[in-house]
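Notes for the structure review
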Amino acid sequence: MILVTGATGNIGSALLRELCLSGAAPVRGLTRAVGRVSFPEGVEAVEGDLAQAESLKAALEGVRSLFLWVGTGAEGEVIAAARQAGVEHVVLVSSITVQTHPHLPGAGENLAVEQLLKNSGMAWTILRPTQFASNTLWWAQSIRDQGVVRAPYADIGLPAIHPADIAAVARVALTDPGHRGRTYALTGPECVTARQQVAAIAAVLGREVAFIEISREEAHQQMASFMGDETAGAVLDLMGGDVNDELVRVRDTVSRVTGSEPRSFQEWASDNGAAFG
C-alpha cells in the first residue's frame with residue numbers, strides 16, 4: 001500500500017495519476033474531505049489531516065510507502081505515527097533552499113524535518129525541488145481581471161519545475177527500492193524569467209498580457225499583507241534578490257531518474273491556461 005498525502009494538490013494529484021498509469025497498487029489518497037474529491041479509478045480515498053497526526057491512524061494502516069511534503073508544521077508527529085504504523089519508506093518533498101539558501105528560516109525548518117526522517121529508522125528518499133512553475137498562479141486574478149502582471153526581477157531566470165515532474169520522480173522513488181537513501185535536487189529544463197513566463201501564458205491565452213516590473217519594496221509590501229514580513233522577504237530573495245549559482249543551476253535529475261525529459265514552462269502554461277482565462 002502506498003499512501004499519498006496532499007492528494008488534491010499540484011504534486012499529489014499528478015502522483016496519483018502516475019501511480020495508476022504505472023500499475024502500482026494499491027494506492028491510497030489522503031484528503032481532509034472524502035466526500036468532496038474525485039480520485040482516479042482504483043485509488044482509495046481516506047480522510048485525515050496532516051496537521052493532526054492522530055487523525056492518520058486509519059490512513060496509515062497497512063501502508064508500506066508514504067509520500068509526504070513539508071509545510072504542515074506537524075511533520076515530526078506524522079513521521080513518528082508512520083514509524084509506529086510500520087511504514088517502511090517515506091518519500092519527502094523538501095526544498096532546494098536547504099542547499100542554496102541554508103540561512104533562510106524556511107530552509108532550516110526543511111532541513112530539520114529531513115533529519116527527523118533520516119533518524120526515524122525508516123528508509124527515506126528526499127526530493128528538493130526548485131521554484132514551482134505553478135507559483136505563477138499568484139498572477140491569475142490580475143491576468144483575468146486586468147490583463148497585467150506586476151512583479152519584481154523581470155529578467156532574472158530560474159529553472160522552474162513543472163509539479164508533474166516532481167510527481168514523476170516521486171513515483172519512481174516510491175516503487176523502485178534503488179532510490180532509497182538518496183537526496184535529489186530537482187529543476188526544470190531551463191531558466192525562464194518572469195517576463196518570459198508572462199509571455200508564455202499570453203501565448204496560451206491568445207491575447208496580450210502586459211508586464212510591469214515593480215521594485216522589491218513594492219512587491220514586499222503587497223506580499224507581506226498575506227504571508228508576513230519574514231516570509232515575503234525570503235520569497236523575494238528566492239525570486240531574484242539573492243540569486244546564486246546553485247539556485248540557477250539546471251540539473252538533469254528528472255531525466256536521470258524517470259528516463260523522460262522534464263517539462264518546460266511553456267508546457268505547464270499550456271496545461272493550465274484555463275486558470276488564467
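Structural notes, computed from the coordinates.

Calculation notes
- Residues numbered from 1 in each chain as written.
- Predicted model: local features only at pLDDT ≥ 70, side-chain atom pairs only at ≥ 80, totals over all residues.
- Heavy atoms only, no water.
- Helix = DSSP H or I, 4+ residues; strand = E, 2+ residues; numbered from the N terminus.
- Polar contact = N/O pair within 3.5 Å; in protein donor to acceptor, adjacent residues only side chain to side chain.
- Contact = heavy atoms within 4.5 Å.
- Phe/Tyr/Trp six-rings, centres within 6.5 Å; stacked < 30°, edge-to-face > 60°.
- Lys NZ or Arg CZ within 6 Å of the ring centre and 35° of its normal.
- Core = buried A, V, L, I, M, F, W, Y, C linked by side-chain atoms within 4.5 Å.
- Buried < 20%, exposed > 50% of the residue type's maximum accessible area, 1.4 Å probe, protein only.
- Axes fitted to C-alpha atoms, helices over the stretch in contact; angles between N-to-C directions.
- Parallel < 35°, antiparallel > 145°, perpendicular 65-115°, else oblique.
- Left-handed = near helix turned anticlockwise from the far one by under 90°.
- Expected span 1.5 Å × (residues − 1).
- Salt bridge = Lys/Arg side-chain N within 4 Å of Asp/Glu carboxyl O.
- Pairing = 2+ DSSP bridges.

So, the side chain of Thr100
- Assignment of secondary structure puts Thr100 in helix 4 (residues 97-100).
- Within the structure, the side chain of Thr100 is placed 2.9 Å from the side chain of His101, a separation counted as a polar contact.
- In this view, Thr100 contacts Asn244, Glu246 and Leu247; residues no more than four positions away in its chain are not counted.

Focus: the packing of aromatic side chains
- Scanning the model with the defined rule gives two aromatic pairs in all.
- Ring-pair connections join several aromatic residues into one group, and the members of that group are Phe265, Trp268 and Phe276.
- Here the guanidinium or amino end of Lys118 rests over the ring plane of Trp124, the centre of that ring lying 4.9 Å away.

What about unusual backbone geometry?
- The phi dihedral of Tyr153 falls on the positive side, at around 50°, and the residue is not glycine.
- Secondary-structure assignment places Tyr153 in the loop between strand 7 (148-151) and strand 8 (157-158).

Focus: the nonpolar core
- Val4, Leu15, Leu19, Phe67, Leu127 and Leu186 are the most contacted members of the largest nonpolar core, which totals 29 residues.
- Contributions of two or more residues to this core are made by strand 1 (2-4), helix 1 (10-22), strand 5 (89-93), helix 7 (163-175), strand 9 (182-186) and helix 12 (253-258).
- With eight residues, the top contributor of residues to this core is helix 7.
- Setting aside residues no more than four positions away along its own chain, Val4 makes contact with Gly12, Leu15, Leu16, Leu19, Val27, Arg28, Gly29, Leu30 and Phe67.
- Core analysis: the second largest hydrophobic core is formed by 25 residues, Leu3, Ala53, Val113 and Met122 among them.

Thoughts on the packing of helix 3 (residues 75-85) against helix 5 (residues 105-118)
- It is the contact of helix 3 with helix 5, at a shortest axis distance of 10 Å, that shows an interaxial angle of 15°. Here helix 5 runs roughly parallel to helix 3, going by the angle between their axes. The two elements helix 3 and helix 5 meet at a crossing, and its hand is right-handed. Along its contact with helix 3, which presents Glu75, Gly76 and Ile79, the element helix 5 presents Val113, Leu116 and Leu117.

Comments concerning helix 9 (residues 216-227)
- An ideal rise of 1.5 Å per residue puts 16 Å on 12 residues; helix 9 measures up with 15 Å between its terminal C-alpha atoms.
- Its buried side turned inward, helix 9 meets helix 10 (229-241).

Examining the pattern of salt bridges
- Enumeration according to the criterion identifies nine salt bridges in this entry.
- Across the salt bridge formed by Arg28 and Glu44, the nearest N and O atoms sit 3.0 Å from each other. Of the two residues, Arg28 is situated in strand 2 (residues 27-31) and Glu44 in strand 3 (residues 43-47); the sequence distance between them amounts to 16 residues.
- Given a relative accessible area of 9%, Arg28 falls into the buried group.
- Linking Arg195 and Asp155 is a salt bridge whose minimum nitrogen-to-oxygen distance equals 2.9 Å.

Section: the sheet that holds strand 3
- Strand order in the open sheet made by the seven strands is 3-2-1-4-5-6-9, with parallel pairing throughout. Each having just a single partner strand, strand 3 and strand 9 make up the two edges of the open sheet. Averaged over all adjacent pairs, the angle separating strand axes in this sheet is 20°, with direction ignored.
- Across five bridges, the pairing between strand 4 (residues 65-69) and strand 5 is parallel.

Observations regarding the environment of Tyr153
- Given a relative accessible area of 17%, Tyr153 falls into the buried group.
- Along the chain, Tyr153 and Val248 lie 95 residues apart, while their C-alpha atoms are 14 Å from each other.
- Tyr153 has contacts with Ala194, Glu213, Arg216, Leu236, Met239, Gly240 and Gly241, leaving out every residue within four places of it along the chain.

A word on the pairing of strand 4
- Of all five residues in strand 4, four are buried; the element is thus mostly enclosed.
- Bridging between strand 1 and strand 4 involves three bridges; their strand directions are parallel. Its bridge partner being in strand 4, Ile2 is matched across the sheet by Ser65.

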